[in-house]
Amino acid sequence: MLKFFSPAKINLFLRVVNRRPDGFHNLSSVIQAIDLCDIITFQPHCEDFFSCSDTRLPIDEQNLIVEALTLFRSRTNTHVPMKIHLEKVIPIEAGLGGGSSNAATTLWAMNQLSNKVASTEQLSEWGAEIGSDVPFFFSQGTAFCTGRGEKVNSLPSLPPKLIYIVKPKTGLSTPRVFKKLELPIKEVPGKLQLQDFSENDNDLQSFFSGNLHLFNDLEKPAFELDSDLCHLKQYLLGLGFHTVLLTGSGTAFFCLGEGARPQKKDLLVFSTKFMNRKLGSWYSRSNYE
Ligand code: C5P
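Quick caveat, the model's predicted, so the values are computed rather than measured.

(A) How the structure looks around the sheet that holds strand E8 (residues 243-246). Pairing within the open sheet is antiparallel, and its 4 strands lie in the order E8-E9-E7-E10. Where the open sheet ends on each side, the last strands, each with one partner, are E8 and strand E10 (267-273). Averaged over all pairs of adjacent strands, the angle between their axes in this sheet comes to 20 degrees, without regard to strand direction. With 7 bridges joining them, strand E7 (residues 162-168) and E10 adopt antiparallel strand pairing. Considered in E10, the bridge of Lys 167 is made with Leu 268. Where helix H8 (residues 228-237) meets the sheet, it contacts E7, E8, strand E9 (253-256) and E10, and its direction lies at approximately 15 degrees from that of E9.

(B) Molecular detail of the site of the ligand. The full set of residues close to the ligand is Gly 23, Phe 24, His 25, Leu 27, Gly 131, Ser 132, Arg 148, Thr 174, Pro 175 and Phe 178. With respect to the ligand, the side chain of His 25 contributes an N or O atom lying 2.8 Å from an oxygen atom. Interatomic distance of 2.5 Å between a side-chain N/O atom of Ser 132 and an oxygen atom of the ligand. Across the complex, the protein chains shield 72% of the 450 Å² of accessible surface that the ligand would expose by itself. Elements with a minimum of two residues in the shell around the ligand: strand E2 (25-44) and helix H4 (174-180).

(C) Structural detail: the pattern of salt bridges. Here the structure, examined in full by the defined rule, presents 12 salt bridges. The salt bridge partner of Arg 15 is Asp 203, with a shortest N-O separation of 2.5 Å. With Arg 15 in strand E1 (residues 2-19) and Asp 203 in helix H6 (residues 202-208), the pair connects residues that are 188 residues apart, well separated along the chain. Classification of Asp 203 by relative accessible area gives buried; the value is 8%. Between Asp 266 and Lys 265 there is a salt bridge whose closest N-O contact spans 4.0 Å. Connected through salt bridges with shared partners, the residues Lys 169, Lys 265 and Asp 266 form a single ionic network.

What counts, and where the lines are drawn
Residues numbered from 1 in each chain as written. Predicted model: local features only at pLDDT ≥ 70, side-chain atom pairs only at ≥ 80, totals over all residues. Heavy atoms only, no water. Pairing = 2+ DSSP bridges. Helix = DSSP H or I, 4+ residues; strand = E, 2+ residues; numbered from the N terminus. Axes fitted to C-alpha atoms, helices over the stretch in contact; angles between N-to-C directions. Contact = heavy atoms within 4.5 Å. Near = heavy atom within 4 Å. Polar contact = N/O pair within 3.5 Å; in protein donor to acceptor, adjacent residues only side chain to side chain. Areas by Shrake-Rupley, 256 points an atom, 1.4 Å probe, with all protein chains shown as cover. Salt bridge = Lys/Arg side-chain N within 4 Å of Asp/Glu carboxyl O. Buried < 20%, exposed > 50% of the residue type's maximum accessible area, 1.4 Å probe, protein only.

Next up, the structure:
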């Protein structure tokens, strides 16, 4: 039986560049993996069997683990029947990338179980077909992501940081939050493709020089959809954190700095830290600092 950690992510900053004709939005975002992990076990079996500790999640093809498994098999022409169990820890509808991480972890694990028939680049390309955030997890845990999020430019690990993740009971659906931005559709000018991000992105340069005031362009539409989120942010800032920011489309916040542990009832609170992986191995709790 193989056991894999499937980490969450946070968006340290997130700029929505524009809305594309295909319905997606171009973004630029520094994304960081964190040590808040689901655990997925994979076991070759006489037939396929998938189970999940959280009964709210679908266990059919709608689950991104099953989608990733099907995609891996079709691309590699392999078929090892698998018993897969997902121990869900990462909150859903939180902007923490849990489903995307599960898909990436499944592609990685299946490749390990199939004599590494595919390269990491191929796994990442296949992952982009499942969701915009999936390729990020094939970086080493810190990356500047552009396009709809699937263009991943790996960055060096950041200094270790302890953070709180705080999630209210309510969730938000990602398409709803993007739609609420109500941006006009715009053709993408070539220079905003950001392939060569080092020359083009001012946010990234400010981020590395320590001058960027961290922001998330999805906070405004998320707060419009759920005004309690704005109150929660004020409450968290009042605890002493220097930065409290929604991750992705929410509804989870991450808190940086010296603040008191949030105590309000009905909040999910996780104390966690940045996580990176070593080249050639998946995210694990023993091989990172
Ligand atoms: O790629 P993913 O399946 O996670 O996207 C879910 C939905 O979120 C998309 O269908 C789209 O409505 C919205 N989205 C977007 N721009 C992005 C990523 C997601 O508009 N860059």
